[in-house]
Amino acid sequence: MTITQYVEAHLPGILAICETEGWPSLPADPVRAHAVFTAPGVTTVVALDGEQVIGFAYLQSDGHIQAHLSQMAVHHDYRRKGIGRALLEYATPLTGAQRVDLVTDTANTFYASFDHRTFAGFRIYP
């Protein structure tokens, strides 16, 4: 396994993972997805098995204090092998931030395995 920063050649693999997860926003518009992954203040990393994308994480940051894990997923066949942790450990220093906030509705046990504080959260839809 290799973890590296995102390049456009990784996009189809990321979108395939999103489709499998039932996350339609990024696959709906691949051009927009690439713009999201390369936007200022965004850090996007991928986990590779050879050339195959087996996981990704995308974070937004002010570059100094605060980062937010916007999305992360690992291909079903590769879960429980340390890939999610490796993605975050690789990506977090690249953000320049001191901390990472996130919202999850499916991976509480995984994120609780990191040093953390738990807060209540909300997602507001305009």
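This text follows the structure it describes.
Criteria and thresholds
- Per chain, residue numbering runs from 1 following the sequence as it is written.
- The model is predicted, so local features are restricted to residues of pLDDT at least 70 and side-chain atom pairs to those at 80 or more, both for listing and for counting; the totals for chains, interfaces and linings are taken over all residues.
- Just so you know, side-chain values use all the structure's heavy atoms and leave hydrogens and water out.
- For the purposes of this section, nonpolar cores are sets of buried Ala, Val, Leu, Ile, Met, Phe, Trp, Tyr and Cys residues that join through side-chain atoms within 4.5 Å.
- For the exposure calls, accessible area comes from a 1.4 Å probe over protein chains only, and a residue counts as buried if that area is under 20% of its type's maximum, exposed if over 50%, partly exposed in between.
- Runs of H or I in DSSP of at least four residues are treated as helices and runs of E of at least two as strands, each being numbered from the N terminus.
- In this description, contact between two residues means that some pair of their heavy atoms is separated by no more than 4.5 Å.
- Strands were regarded as paired on the criterion that DSSP finds at least two bridges between them.
- Axis angles are defined between N-to-C directions and span 0 to 180 degrees, where every axis is a line fitted to C-alpha atoms and, for a helix, only to the segment in contact.

Chemist: Which parts of the structure should I look at to understand the nonpolar core?
Modeler: Side chains of a nonpolar character, in soluble globular proteins, are inclined to be buried together. With 16 residues, the main nonpolar core has I14, F37 and F56 as its most contacted residues. The set of elements that each furnish at least two residues to this core consists of helix 1 (11–21), helix 2 (30–37), strand 2 (42–49) and strand 3 (52–61). Among the elements that line this core, the one with the most residues is helix 1, at 5 residues. Contacts of F37, omitting those with residues within four sequence positions, involve Y6, L11, I14, L26, V42, T44, F56 and Y58. Judged by nonpolar contacts, the second largest core, of 15 residues, contains Y78, A86, L87 and A91.

Chemist: When you look at the sheet that holds strand 2 in this model, what are you seeing that I'm missing?
Modeler: Pairing between the strands of a sheet is mediated by backbone hydrogen bonds and can be parallel or antiparallel. The strand order 1-2-3-4-5 describes an open sheet built from 5 strands, whose pairing is mixed. On the outer flanks of this sheet lie strand 1 (2–5) and strand 5 (99–102), each paired with one strand and no other. Between one strand axis and the next, the sheet turns by 30 degrees as a mean value, whatever way the strands run. Here strand 2 runs beside strand 3; their pairing, made up of 8 bridges, is antiparallel. Bridge pairing links A47 to G55 in strand 3.

Chemist: What's the story with unusual backbone geometry in this structure? I'm lost.
Modeler: Phi is mostly negative for residues that are not glycine, and the peptide bonds are mostly trans. The phi angle at R80 is positive, at roughly 65 degrees, despite the residue not being glycine. When you line up the elements, R80 lands in the loop between strand 4 (66–74) and helix 3 (83–95).

Just distances and angles here, no functional claims.
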